[in-house]
Amino acid sequence: MAITQRQLFLDHLAQTTNFPMSLEIVRAEGSYMYNPDGKSYLDLISGISVSSIGHRHPKVVEAIKNQVDQYMHLMVYGEYIQTPQVALAQKLAELLGEGLDSTYFVNSGSEANEGAMKLAKRATGRAEIISMKKAYHGSTQGVLSIIGDENFKRGFRPLLPGTRAIQFDSVEDLEQITNKTAAVIVEPIQGEAGYIPPSQEYLGALRKKCNETGTLLIFDEVQCGFGRTGKMFAHQHYGIKPDIITLAKGMGGGMPIGAFIASRELMAHFKDNPILGHITTFGGHPVSCAASLACVNVIVDEKLADGVKAKAELFKELLVHPKIEEMRGKGLMLAVQLDTFENVQKVIDHCLKNGVVSDWFLFCDNAIRLSPPLNIDEEDIRKACKILLEGVDLI
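Residues numbered from 1 in each chain as written. Predicted model: local features only at pLDDT ≥ 70, side-chain atom pairs only at ≥ 80, totals over all residues. Heavy atoms only, no water.

Looking at this structure, I do not really get the pattern of salt bridges. What am I missing?
Two side chains with opposite charge may pair up if their charged atoms get near one another. Applying the stated rule across the entire model yields 12 salt bridges. The shortest N-O distance in the salt bridge between Glu29 and Arg56 comes to 2.7 Å. Separated by 27 residues along the polypeptide, Glu29 in strand β1 (residues 27-29) and Arg56 in the loop between α2 (46-49) and α3 (58-68) bring together distant segments of the chain. Judged by its relative accessible area of 45%, Arg56 falls in the partly exposed class. (Salt bridge = Lys/Arg side-chain N within 4 Å of Asp/Glu carboxyl O. Helix = DSSP H or I, 4+ residues; strand = E, 2+ residues; numbered from the N terminus. Buried < 20%, exposed > 50% of the residue type's maximum accessible area, 1.4 Å probe, protein only.)

Okay, here's the thing in structure tokens:
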């Protein structure tokens, strides 16, 4: 008897839970994925906010093929002039504006946040990093030190010293920022906490406190960037600019890429004392950069961010049920709040059986995550909501 792909998956791929989703996919297109039997799955989470313009967008695929015909990896980051890197960095500077015009490309959101932390320490000469409770910034050891859930950290201590977690959206807690703080890192919309937006007052007070203490403000837009909230970047809703921004996920159109971005003056601290203050081999891979530029251009040219609000409102209008305690979030970062994890899992299982992929949150396991492609159409929104409500009926 032939060994199945499922068995080979379990035998040879490192597992991170005893209950992987184990969904076998052989093809994906637009908002849909397909298993070996041809069954379709509507992807309501976009690979956790990655496939923001759908799977295998033709313009992204074309850009990848064109770049592969030119060259792939040439040299470690920052040594050769490579057109895909230059064009993407120029586009990001145009979209982010003055003060965020120097990009360091990496491979993931974790790496982007690691680089931002290093830059803040190097530029300020300070050691303390303040983050938020229930924050998620990645899984490597440095950023593991600043995520806001002890359960994820306990088994890996000791971690970085000089880190502190304060309450998100609490103006009172901002008093803990002092002239010893190198940086405060915050998600403009908290992700794994269950898609929690802050108040305008809070972000304004945070920016003011950082200015007063000479502390750098880092916005982690790994999950909320690139049109997801209805603007190209989530901080643009608030009119408040960070000193450093970190990006990944929806940036690559499905290809692995991340970045941390600051001013040229700030980024120049990596040039000396020591030289090569940050190094990556594959950061800014030309194929990923070509894919990313195509993805960004699709979001901009097709005005996908402009359509997010109406699609979010349709989800909220349709997902009304006595057992749904709350619908919250910003744009197409939506959390469907139920009462327990057990009931969330029942709804997720029902959806999966009926061809809709949804998920829960790391630090909010009694809510369902909705983060569909920005170009999902109305028919698919209605279909998804019907199946979700059928699942809620069963709990």
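After presenting the structure, the write-up continues.
What is the right way to read the pairing of strand β15 (residues 364-370) from this model?
Along any regular strand the residues' side chains alternate between the sheet's two faces. Most of β15 is tucked away: five of the seven residues are buried. Sheet topology places strand β12 (residues 333-337) next to β15; four bridges connect them, and they run antiparallel. For Gln337, the partnering residue across the bridge sits in β15 and is Ala367. Two elements, strand β14 (residues 359-361) and β15, share two bridges in a ladder whose sense is antiparallel. Among the inter-strand pairings, Phe361 is bridged to a residue of β15, identified as Cys364. Count of turn residues in the β14/β15 antiparallel hairpin: two residues. (Pairing = 2+ DSSP bridges.)

Mind showing me how you'd approach the packing of helix α12 (residues 341-353) against helix α13 (residues 378-393) here?
When two helices pack together, their arrangement is captured by the angle between the axes and the distance separating the axes. With their axes 8 Å apart at the nearest point, α12 and α13 run at an angle of 135° to one another. The pairing of α12 with α13 is recorded here as oblique in orientation. Remark: the crossing between α12 and α13 carries right-handed chirality. Between α12 and α13, the contacting residues are Val347, His350 and Cys351 on the first element and Ile387, Leu388, Glu390, Gly391 and Val392 on the second. (Axes fitted to C-alpha atoms, helices over the stretch in contact; angles between N-to-C directions. Parallel < 35°, antiparallel > 145°, perpendicular 65-115°, else oblique. Left-handed = near helix turned anticlockwise from the far one by under 90°. Contact = heavy atoms within 4.5 Å.)

I keep staring at the packing of aromatic side chains and nothing clicks. Help me out?
Two measures describe an aromatic ring pair: the distance that separates the ring centres and the angle between the ring planes. What the rule picks out here adds up to 11 aromatic pairs. Each ring, one from Tyr104 and one from Phe270, has its centre 6.3 Å from the other, and the planes form 75°; the classification is edge-to-face. Remark: Phe270 occurs in the loop between α9 (264-267) and α10 (286-301) and Tyr104 occurs in strand β4 (residues 102-106); sequence separation between them is 166 residues. You can call Tyr104 buried: its relative accessible area is 6%. (Phe/Tyr/Trp six-rings, centres within 6.5 Å; stacked < 30°, edge-to-face > 60°.)

Before we go on, may I ask you to explain the sheet that holds strand β3 (residues 40-43) in this structure?
Within a beta sheet, neighbouring strands are joined by backbone hydrogen bonds and run either parallel or antiparallel to one another. The mixed open sheet is built from four strands, whose spatial order is β1-β2-β3-β13. Each end of this open sheet is capped by a strand with a single partner; those strands are β1 and β13 (356-357). As paired strands, β3 and β13 are joined by two bridges and run parallel to one another. Of the residues in β13, the one forming a bridge with Leu42 is Val356.

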